[in-house]
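Residues per chain, in single letters:
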Amino acid sequence: MSHNPIRPWRNIDRRKSRQIMVGSVPVGGDAPISVQTMTNTDSSDVAATVAQIQRAAEAGADIVRVSTPDQAATTALKEIVRESPVPIVADIHFHYKRAIEAAEAGAACLRINPGNIGDEKRVAEVIRAAKDHGCSIRIGVNAGSLEKHLLEKYGEPCPAALVESGMDHIRILQDHDFHEFKISVKASDVFMAAAAYQQLADATDAPIHLGITEAGGLTSGTIKSAIGMGNLLWMGIGDTLRVSLSADPVEEVKVGFEILKSLGLRHRGVNIISCPSCARQGFDVIKTVEALEQRLEHIKTPMSLSIIGCVVNGPGEALMTDVGFTGGGAGSGMVYLAGKQSHKMSNDQMVDHIVEAVEKRAEEIESESAAQAAE
């Protein structure tokens, strides 16, 4: 994030990490923080898996992970990779041969778990396959599957155990002259995960993959992820992330982007600023926002829209947004364009009108950006 001399309290100093490539997506360094999700289809079902990947990509996913639990899945992976619009990470557990097969199938990255991938000889074979096929590797440490000797040493999963597991595996990769790796130290406990990531950030310059694992359903998981990852991102920690929800993978992508947008770290689509509604509202704010969120999903241009039910905060919020609508009139409200009061519009026509105004403003922003790029 660039420094803001006018509003210095918005500045985030990102941790300096080295950069790797996950297929065509740079991770770490000064690259944008990438958003990931994971498919939940049967990985051997190519059509269903590719369809889900495409929906996730349309929602903004930069990278998608696919579980490869058996040979049928790694066999299907070759076609999945060929048809995917984004780089594919192969999720490997227990059987190191699945990692080798996934590398051969064209996976951009192999996610391996130190707690269950096997001894160093097996890891060495995975590294050799990654080198041969141009894969990066994610070291995926998880509090629920730590190595037995670390559980005996620490008595239970804890931040120090997570970091020790990750650093031990980093040394294995480096001893085999492999450096195209990123690392995660996930836990479902927000406190444990946050502490582990802070310790990890001090211990290595590797790119960090953020996540609160098994966070829960859409609402509870979103809140836990926003608290855990939001604080770490605010501290400058994190190069790529996945929000783990018991929900449609598309929802994970949406939540991930909203977390990044709230911190000014990524900008994509319409940022809707809306009030919770109360007895002062001049129109049904909740239903209006729900309708606009659906109608404006196709807009990818970064821009802002304020939807406020009354004139207490509406005009002030509208001053800061590309398009705004403030209620308060008898069956109508005020439309604001580029922070300025523009014209009145009836409540029954406002949704269509706002969609048109946002689409027009998006076109203007794109044209302005193209003109600046051409200079």
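About the criteria used
- Residues numbered from 1 in each chain as written.
- Predicted model: local features only at pLDDT ≥ 70, side-chain atom pairs only at ≥ 80, totals over all residues.
- Heavy atoms only, no water.
- Helix = DSSP H or I, 4+ residues; strand = E, 2+ residues; numbered from the N terminus.
- Axes fitted to C-alpha atoms, helices over the stretch in contact; angles between N-to-C directions.
- Parallel < 35°, antiparallel > 145°, perpendicular 65-115°, else oblique.
- Contact = heavy atoms within 4.5 Å.
- Nonpolar A, V, L, I, M, F, W, Y, C, P; charged D, E, K, R; others polar.
- Core = buried A, V, L, I, M, F, W, Y, C linked by side-chain atoms within 4.5 Å.
- Buried < 20%, exposed > 50% of the residue type's maximum accessible area, 1.4 Å probe, protein only.
- Expected span 1.5 Å × (residues − 1).
- Pairing = 2+ DSSP bridges.
- Phe/Tyr/Trp six-rings, centres within 6.5 Å; stacked < 30°, edge-to-face > 60°.
- Lys NZ or Arg CZ within 6 Å of the ring centre and 35° of its normal.
- Polar contact = N/O pair within 3.5 Å; in protein donor to acceptor, adjacent residues only side chain to side chain.
- Disulfide = S-S within 2.5 Å.
- Salt bridge = Lys/Arg side-chain N within 4 Å of Asp/Glu carboxyl O.

A few words on the environment of Val141. Take Val141: it is sitting in strand E7 (residues 136–142). Taking the C-alpha atoms as reference points, Val141 and Asn113, separated by 28 residues in sequence, lie 5.7 Å from one another.

Another aspect to go through is the packing of helix H3 (residues 96–104) against helix H4 (residues 120–133). Put simply, H3 and H4 touch, their axes get as near as 9 Å, and they point 5° apart. Relative to H4, the element H3 is oriented roughly parallel. Facing Tyr96, Ala99, Ile100, Ala103 and Glu104 of H3, the residues of H4 in contact are Arg122, Glu125, Val126, Ala129 and His133. The residue inventory of the contact of H3 with H4, partitioned by class, reads 6 nonpolar, 1 polar and 3 charged.

Right, let's talk about the nonpolar core for a bit. The biggest cluster of nonpolar side chains holds 81 residues, and the ones touching the most others in it are Leu110, Ile137, Leu162, Leu210 and Leu233. In this view, Ile137 contacts Cys109, Leu110, Ile112, Ile127, Ala130, Leu173, Phe178, Glu180, Phe181 and Lys182; residues no more than four positions away in its chain are not counted. Ile299, Ile307, Phe325 and Met345 belong to the second largest nonpolar core, which has 22 residues in total.

Since there are 3.6 residues in each turn of an α-helix, residues three or four apart along the chain are aligned in direction. Here H4 spans 20 Å end to end across 14 residues, near enough to the 20 Å set by a 1.5 Å rise per residue. The complete set of buried residues in H4 reads Val123, Ala124, Val126, Ile127, Ala129 and Ala130. Those residues of H4 that are buried lie in contact with H3, strand E6 (109–112), E7 and helix H6 (159–175).

This paragraph deals with the sheet that holds strand E12 (residues 303–308). If you trace the 5 strands from one edge of the open sheet to the other, you get E11-E12-E13-E14-E15, paired in mixed fashion. Strands at the two margins of the open sheet, each flanked by one partner only, are strand E11 (270–274) and strand E15 (340–346). Put simply, the sheet's adjacent strands are angled 20° from each other on average, direction ignored. As paired strands, E12 and strand E13 (residues 323–327) are joined by 4 bridges and run parallel to one another. Within E13, the residue paired with Ile307 across the bridge is Phe325. Set on the sheet, helix H12 (residues 350–374) makes contact with E11, E12, E13, strand E14 (332–337) and E15; between it and E12 the angle comes to about 160°.

Bringing the packing of aromatic side chains into the picture now. The full count for this structure, using the stated rule, is 1 aromatic pair. With a centroid separation of 5.3 Å and 75° between ring planes, the pair formed by Phe283 and Phe325 is classed as edge-to-face. Residue Phe283 is located in the loop between E11 and helix H10 (285–295), and its partner Phe325 is located in strand E13; the two are separated by 42 residues in the primary sequence. For Phe325, a relative accessible area of 0% translates into the label buried. A cation sits over an aromatic face here: Arg268 above Phe257, 5.6 Å from the ring centre.

Bringing the side chain of Thr68 into the picture now. Among the secondary structure elements, Thr68 is positioned in the loop between strand E4 (63–67) and helix H2 (71–83). Only 3.0 Å separates the side chain of Thr68 from the backbone oxygen of Asp91, close enough to count as a polar contact. Excluding residues within four positions of it along the chain, Thr68 makes contact with Ala73, Thr74, Leu77, Ala90, Asp91, Ile92 and Arg98.

With that out of the way, let us pick up the state of the cysteines. Scanning the entire structure with this criterion turns up 0 disulfides. The cysteine Cys278 is free of any disulfide, with Cys310 supplying the nearest cysteine sulfur at 5.6 Å.

Further remarks concern the pattern of salt bridges. Within the structure shown, the criterion is met by 18 salt bridges. For Arg171, the salt bridge is made with Asp168, and the minimal N-O distance between the two is 2.4 Å. Here Arg171 and its partner Asp168 are both found in helix H6, 3 residues apart, which amounts to about one turn of the helix. What makes Arg171 partly exposed here is its relative accessible area of 42%. Using a relative accessible area of 25% as the deciding quantity, one classes Asp168 as partly exposed. The residue Arg361 makes a salt bridge to Glu364 at a minimum N-O spacing of 3.2 Å. Within this pair, Arg361 and its partner Glu364 are both found in helix H12, separated by 3 residues, close to a single helical turn. Here the salt bridges share partners, and the residues they tie into one network are Asp322, Arg361, Glu364 and Glu368.

As a further point, take the sheet that holds E4. The 8 strands are arranged E8-E7-E6-E5-E4-E3-E10-E9 in an open sheet whose pairing can be described as parallel. In this open sheet, the two strands that pair with only one neighbour each are strand E8 (181–186) and strand E9 (209–210). Here strand E3 (residues 34–38) pairs with strand E10 (residues 240–242) via 3 bridges, running parallel. When the sheet's bridge partners are listed, Val35 is paired in E10 with Leu241. Contacts from H3 reach strand E5 (88–92) and E6, with the element oriented near 165° to E5. Contacts between H6 and the sheet are confined to E6, E7 and E8, with E7 contributing the most and set at about 155° to the helix.

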